[in-house]
Each structure stands twice: as C-alpha cells, then as structure tokens.
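Tertiary structure, described
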Amino acid sequence: MKSLRDAVVGETIRVVKLYGEGPVKRRIMDMGITKGVEIYIRKVAPLGDPIEVTVRGYELSIRKADAEMIEVE
C-alpha cells in the first residue's frame with residue numbers, strides 16, 4: 001500500500017481508498033479528496049510536514065498524519 005505521504009514532488013497520483021473514521025475522514029472528504037480523484041504533489045516541507053498538493057484545481061496543504069490515511073496508486 002502506497003500512501004499520499006510516500007508520493008514524490010511533481011508526481012500526479014490517484015486516490016484508491018481513504019482510511020480513518022468519523023470527523024477525520026469527513027474532513028479529508030470535505031477538502032475534495034475522494035476515491036478516484038487525481039492529486040498533484042506540489043511541494044513537501046523540509047521536515048515532511050505539511051505536503052502541498054493541487055486537488056480539483058485548488059491548492060491544499062495536508063498534514064503528514066492525514067496523508068498517511070490516503071491510499072494512492
């Protein structure tokens with residue numbers, strides 16, 4: 001399983017599955033990250049947290065802990 005956290009800068013990946021429960025999963029989905037959506041990795045902070053991505057035409061920063069809950073291909 002490859003998570004969003006493992007993605008490399010400049011890579012475009014597709015979401016396979018979301019993990020997590022309750023409000024955390026709901027927050028990720030409210031940001032536009034759902035199954036099948038493409039995500040472009042723009043930047044990763046020096047210590048790996050947060051990760052800046054482009055989703056559905058807008059820019060978004062995701063914490064490392066949340067990125068681990070997003071399975072990608």
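Criteria and thresholds
- Residues numbered from 1 in each chain as written.
- Predicted model: local features only at pLDDT ≥ 70, side-chain atom pairs only at ≥ 80, totals over all residues.
- Heavy atoms only, no water.
- Helix = DSSP H or I, 4+ residues; strand = E, 2+ residues; numbered from the N terminus.
- Rg over C-alpha atoms; globule rule 2.2 N^0.38 Å.
- Buried < 20%, exposed > 50% of the residue type's maximum accessible area, 1.4 Å probe, protein only.
- Areas by Shrake-Rupley, 256 points an atom, 1.4 Å probe, with all protein chains shown as cover.
- Lys, Arg positive; Asp, Glu negative; His and termini not counted.
- Charge placed at Lys NZ, Arg CZ, Asp CG, Glu CD.
- Contact = heavy atoms within 4.5 Å.
- Pairing = 2+ DSSP bridges.
- pLDDT = per-residue confidence, 0-100.
- Core = buried A, V, L, I, M, F, W, Y, C linked by side-chain atoms within 4.5 Å.

**Some details on the overall build of the protein**
The number of helices and strands found in the protein is 2 helices and 6 strands. In sequence order, the secondary structure elements of the protein are arranged as β-β-α-β-β-β-α-β. For 73 residues, the compact-globule estimate of 2.2 N^0.38 gives 11 Å, and the C-alpha radius of gyration of the protein, at 11 Å, lies within 12% of that figure. Principal-axis analysis of the C-alpha atoms places the extent of the protein at approximately 30 × 25 × 25 Å. The proportion of buried residues among the 73 residues of the protein is 36%. When the accessible surface of the protein is totalled, it reaches about 4,400 Å², and 52% of it is carbon and sulfur. Between the mean site of the 13 positive side-chain charges and the mean site of the 12 negative ones, the protein shows a separation of 2 Å.

**Brief notes about the side chain of Asp66**
Along the chain, Asp66 turns up in helix 2 (residues 64-67). The contacts of Asp66, once residues within four sequence positions are left out, are Val24, Arg27 and Ile28.

**Re the pairing of strand 4 (residues 51-55)**
Most of strand 4 is tucked away, with 4 of its 5 residues classed as buried. Bridge count for strand 3 (residues 38-44) against strand 4 is 5 bridges, and the pairing is antiparallel. If you follow Tyr40 over to strand 4, its bridge partner there is Thr54. The hairpin turn running from strand 3 into strand 4, its antiparallel successor, is 6 residues long, and Gly48 in that turn takes a positive phi close to 90°. Inspection of the sheet shows strand 4 paired to strand 5 (residues 58-62) by 5 bridges, in the antiparallel sense. By the bridge assignment, Val55 is partnered in strand 5 with Tyr58. Hairpin connection from strand 4 to strand 5: 2 residues lie between these consecutive antiparallel strands, with Arg56 at a positive phi of about 50°.

**With respect to the confidence of the model for the protein**
Any segment with low pLDDT has predicted coordinates that should not be analysed in fine detail. Taken as a whole, the protein shows an average pLDDT of 91; of its residues, 100% reach a score of 70 or greater. Averaged pLDDT values for the elements of the protein fall to 90 in strand 1 (residues 2-3) and rise to 95 in strand 4.

**Topic: unusual backbone geometry**
The phi torsion of most residues other than glycine is negative, and most of the peptide bonds are trans. Residues other than glycine seldom take positive phi values, yet Arg56 does so here, at roughly 50°. When you line up the elements, Arg56 lands in the loop between strand 4 and strand 5.

**What to know about the nonpolar core**
Generally speaking, nonpolar side chains in soluble globular proteins are found buried as a group. Counting residues in each nonpolar core, the largest one holds 20 residues, and the members touching the most others are Leu4, Ile33, Ile39, Ile41, Val53 and Ile70. Those elements that provide at least two residues to this core are strand 2 (12-18), strand 3, strand 4, strand 5 and strand 6 (70-72). Residues in contact with Ile33, not counting those within four places in the same chain, are Val15, Leu18, Ile28, Ile39, Val55, Leu60, Ile62 and Ile70.

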